[in-house]
Amino acid sequence: DTAVSQTPKYLVTQMGNDKSIKCEQNLGHDTMYWYKQDSKKFLKIMFSYNNKELIINETVPNRFSPKSPDKAHLNLHINSLELGDSAVYFCASSLTPGVGELFFGEGSRLTVL
Amino acid sequence: GESVGLHLPTLSVQEGDNSIINCAYSNSASDYFIWYKQESGKGPQFIIDIRSNMDKRQGQRVTVLLNKTVKHLSLQIAATQPGDSAVYFCAVTFTGNQFYFGTGTSLTVIP
């Protein structure tokens, strides 16, 4: 059983398109996150939700809109994709905000052409 | 905020040798520290953590050392094996709701 699963694993699209990445965790955790990893492997937090409520929004362009329908799911929708959005996006979860182990998904590699 | 840096972006070691990966952080209020391992094509995986009330913690073949005076964290891997080849990240938190990740060190184990 995969603890944190995200789909799709690979996404190739044209500039200007809109795309979504979905994430689900079956760990019963309250907190979920989206991280962006650039080509230099730097991991930067984008958003964090605790029990469906947004608690962290790290100066991400408003083209990025997270949605948490319930505490087991955190989806990421991106409008008007730009070249600089190309990266690997990781979903993660933890029992409570910022404490204890972060469980990561396998990542979704987004390539914007 | 917090900035987290690693002293060496790449590290190559002979199989069987010990590896040491370093991390510096800037916020003296940081109170929880974690090391993650990321293998190619996978998400980061938890290795070991340490709280600010400790200066050393050991796991299986791994040891984390924390020096709060100089705001420095290190990960020691004993008897490094080819399966240890990966990118290693340190992460720190001080607010209780956000982890700040370091840049990452790529460890290559030479057979």
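Quick summary incoming for the structure in this document. (Residues numbered from 1 in each chain as written. Chains lettered and ligands numbered in written order. Predicted model: local features only at pLDDT ≥ 70, side-chain atom pairs only at ≥ 80, totals over all residues. Heavy atoms only, no water.)

1. Section: the interface of chain B and chain A
Where we set the bar: Should any heavy atoms of two residues lie within 4.5 Å, those residues are considered in contact. Each salt bridge in this description consists of a side-chain nitrogen of Lys or Arg and a carboxyl oxygen of Asp or Glu lying within 4 Å of one another. Within 3.5 Å is the distance limit for a polar contact, defined as a pair of N or O atoms, with the added protein rule that one can donate a hydrogen and the other accept it, and that residues adjacent in sequence qualify only through two side-chain atoms. Secondary structure is summarised from DSSP: a helix means a run of H or I of at least four residues, a strand means a run of E of at least two, and numbering begins at the N terminus for each.
Taken together, the 18 residues of chain B in the interface contact 21 residues of chain A. Put simply, chain B and chain A have zero salt bridges between them. The interface formed by chain B and chain A includes two residue pairs in polar contact (both at pLDDT 80 or more). Secondary structure elements with two or more residues in the side of chain B that touches chain A: strand E4 (32–38), strand E5 (45–51) and strand E9 (86–93) of chain B. Top element by residues in the side of chain B that touches chain A is E4 of chain B. It accounts for three residues.

2. Regarding the layout of surface pockets
Counted only if it meets this: Think of a 1 Å grid over just the protein atoms. A cavity is a set of points where a 1.4 Å probe fits yet cannot get out, a pocket is an open set with protein on both sides within 12 Å along at least five of seven lines, and lining residues have an atom within 4 Å of a point. Grid points are joined across faces, edges and corners, and a volume is the space filled by probe spheres set on the points. Throughout, the ten residues Ala, Val, Leu, Ile, Met, Phe, Trp, Tyr, Cys and Pro are labelled nonpolar, Asp, Glu, Lys and Arg are labelled charged, and all others, Gly among them, are labelled polar.
If you add up the space inside the largest pocket, you get close to 260 Å³. As for the largest pocket, its lining consists of 20 residues, and the residues nearest its centre are Lys-41 and Arg-109 of chain A together with Ser-40, Gly-41 and Lys-42 of chain B. Elements that contribute at least two residues to the lining of the largest pocket include exactly strand E9 (87–94) and strand E11 (108–112) of chain A together with E9 and strand E11 (105–110) of chain B. Here the residues of the lining of the largest pocket sort into six nonpolar, eight polar and six charged.

3. A look at the side chain of Arg-63 of chain A
Summarising the element assignment, Arg-63 of chain A is placed in the loop between strand E6 (53–57) and strand E7 (64–70). Once residues lying within four places of it in the same chain are set aside, the contact partners of Arg-63 of chain A are His-77, Ile-78, Asn-79, Ser-80, Leu-81, Glu-82 and Asp-85 of chain A.

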